[in-house]
Amino acid sequence: MVRKLTLSDTEAVFKISSQIWEGDDYVKNVFDKWVLDEKNVFVGYFENRKLIGFGRMRYLTKTDIWLEALRKDQNTKIKGVGYKIAEYYLNYLKNTKIDSIRFSTYFGNVASIKLNEKLGFKKILTLSLKSQNISELQVKSPSEKITQKTDFNSLKRYCENSSYLKGTKNFMGKGWIVYQYSDQLLEIFFNNKKFAVYIEDNEIKGAVLFTNVDYKNIFWISFIDSSNKKIFIELVSYIALRAEGSSKIQMLIPSNKNLHSYINELGFTSWEQNNDFLLYEYPKSMIEKVVK
């Protein structure tokens, strides 16, 4: 049986969550908020009243769906848990207007990947998740050329012409949640002062967008690009000085030689390998069949 989770399921959810990422799963940080959230769908799969697995479906926009936090009890031999939860979501979306259904996963989650590919999901993008301890960065005072004093249209032009968005196929991550780039998304960063630009000769030569995430001690860069390595390093130094309360900086990097060269010089590394972050999408032709 699949049903919405409640606060009474806290202990069971935390038990499963403790098996993920060596006990450092972020679900415990957001559980209460997710349960009380009436807009999105946080459900669990139960057998004989025992929680076997859970997952969340959230609306990134009114028509764009994101699937996240699919977890299964590592000690159970019950199969098809992810399939049953995914089936619940697809039934939930019947008779609604949906433009996209996406999720991200780590390259090593082989069972999850096989399951979702069997359901019809297609991999549309591969990126590299990069991480660095702030204490290991040689942070210096940021250049006076780094500022937030720019207009929205100038920032928009720079981002839209960037090698970063070209490499990510116009996607940006807020943690493991990946958004399609749009004016509306950029406005959120701009209006909330979650950006900085490097201006030289009255022209933007680099930019960074950053965001708050639910992961403990992580400061997240959603977008970064520059005309050269020096400016890139300056922007990362700026971020490191702003990352109060965080011990690490993380970001997603496309297959761009310059960007990889820059972050390697700063000591950013992957957990196991490059190209470890996978973005999947449910084909629009299949969405149309599901929701009609």
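Analysis parameters
Residues numbered from 1 in each chain as written. Predicted model: local features only at pLDDT ≥ 70, side-chain atom pairs only at ≥ 80, totals over all residues. Heavy atoms only, no water. Pairing = 2+ DSSP bridges. Helix = DSSP H or I, 4+ residues; strand = E, 2+ residues; numbered from the N terminus. Contact = heavy atoms within 4.5 Å. Axes fitted to C-alpha atoms, helices over the stretch in contact; angles between N-to-C directions. Parallel < 35°, antiparallel > 145°, perpendicular 65-115°, else oblique. Left-handed = near helix turned anticlockwise from the far one by under 90°. Nonpolar A, V, L, I, M, F, W, Y, C, P; charged D, E, K, R; others polar. 1 Å grid on protein atoms, 1.4 Å probe; cavity = no way out; pocket = protein on both sides within 12 Å on 5 of 7 lines; lining within 4 Å. Points joined across faces, edges and corners; volume = space filled by probe spheres on them. Phe/Tyr/Trp six-rings, centres within 6.5 Å; stacked < 30°, edge-to-face > 60°. Buried < 20%, exposed > 50% of the residue type's maximum accessible area, 1.4 Å probe, protein only.

S.K.: Any chance you could explain the sheet that holds strand β2 (residues 41-47) here in plain terms?
M.R.: Strand pairing in a sheet is mediated by backbone hydrogen bonds. Such pairs are either parallel or antiparallel. Across the sheet, which stays open at both edges, the 12 strands sit in the order β1-β2-β3-β4-β5-β14-β6-β13-β12-β11-β10-β7 with mixed pairing between neighbours. Every interior strand has two partners, whereas the edge strands, β1 (2-4) and β7 (146-147), have only one. Across six bridges, strand β11 (residues 203-211) lies against strand β12 (residues 218-226) in antiparallel orientation. Its bridge partner being in β12, T211 is matched across the sheet by W220. Those strands touched by helix α8 (residues 229-242) are β7, β10 (195-200), β11, β12 and β13 (248-253), and its axis lies near 155° from that of β12.

S.K.: Before we go on, may I ask you to explain the packing of helix α1 (residues 10-17) against helix α2 (residues 27-36) in this structure?
M.R.: Two numbers describe how α1 lies on α2: the axes approach to 10 Å, and their chain directions differ by 150°. Considered as vectors, α1 and α2 are oriented roughly antiparallel to each other. The interaxial crossing formed by α1 with α2 has right-handed handedness. Judged by residue contacts, T10, V13, F14 and S17 of α1 engage V27, K28 and F31 from α2. Considered class by class, the residues forming the contact of α1 with α2 number four nonpolar, two polar and one charged.

S.K.: Teacher, can you tell me more about empty space enclosed by the protein here?
M.R.: Which parts of space are left empty comes out when a probe the size of a water molecule is rolled across the atoms. According to the stated counting rule, one finds one cavity of 30 Å³ or more in the structure shown. Space inside the largest cavity adds up to approximately 40 Å³. As for the largest cavity, its lining consists of L67, A86, Y89, L90, L93, I101 and F121. The element contributing the most residues to the lining of the largest cavity is helix α3 (residues 81-92), with three residues. For the lining of the largest cavity, a count of residues per class yields seven nonpolar, no polar and no charged.

S.K.: Explain the layout of surface pockets to me, please; I cannot follow it from the model alone.
M.R.: There is about 1,400 Å³ of room inside the largest pocket. Lining the largest pocket we find 49 residues, and of these I20, W21, L70, R71 and N109 sit closest to its centre. Those elements that provide at least two residues to the lining of the largest pocket are β4 (64-72), α3, β5 (100-106), α4 (110-119) and β13. Taken together, the residues of the lining of the largest pocket break down into 22 nonpolar, 14 polar and 13 charged. If you add up the space inside the second largest pocket, you get close to 630 Å³. If you trace the second largest pocket, you find 29 residues lining it, with R58, L60, K174, I177 and Y179 closest to the centre. Of all elements in the fold, only α2, β3 (50-59), β4, β5, β9 (177-180) and α7 (183-191) reach the threshold of two or more residues within the lining of the second largest pocket. Here the element with the most residues in the lining of the second largest pocket is β9; it accounts for four residues.

S.K.: Please clarify how the packing of aromatic side chains should be interpreted in this entry.
M.R.: With the rule as written, the count across this model stands at 20 aromatic pairs. Centroid distance F121 to Y282: 4.9 Å. Interplanar angle 50°. Geometry classified as tilted. One end of the pair, F121, is in the loop between α4 and β6 (122-133); the other, Y282, is in the loop between β14 (277-281) and α10 (284-291), and 161 residues separate them in sequence. Grouping residues by exposure puts F121 and Y282 together as buried. Summarising the aromatic geometry, the rings of F152 and F190 are spaced 5.6 Å apart at their centres and angled 80° between planes, so their arrangement reads as edge-to-face. Placement of the pair is F152 in helix α5 (residues 152-160) and F190 in helix α7, with a sequence separation of 38 residues. Considered together, F152 and F190 belong to a single accessibility category, that of buried residues.

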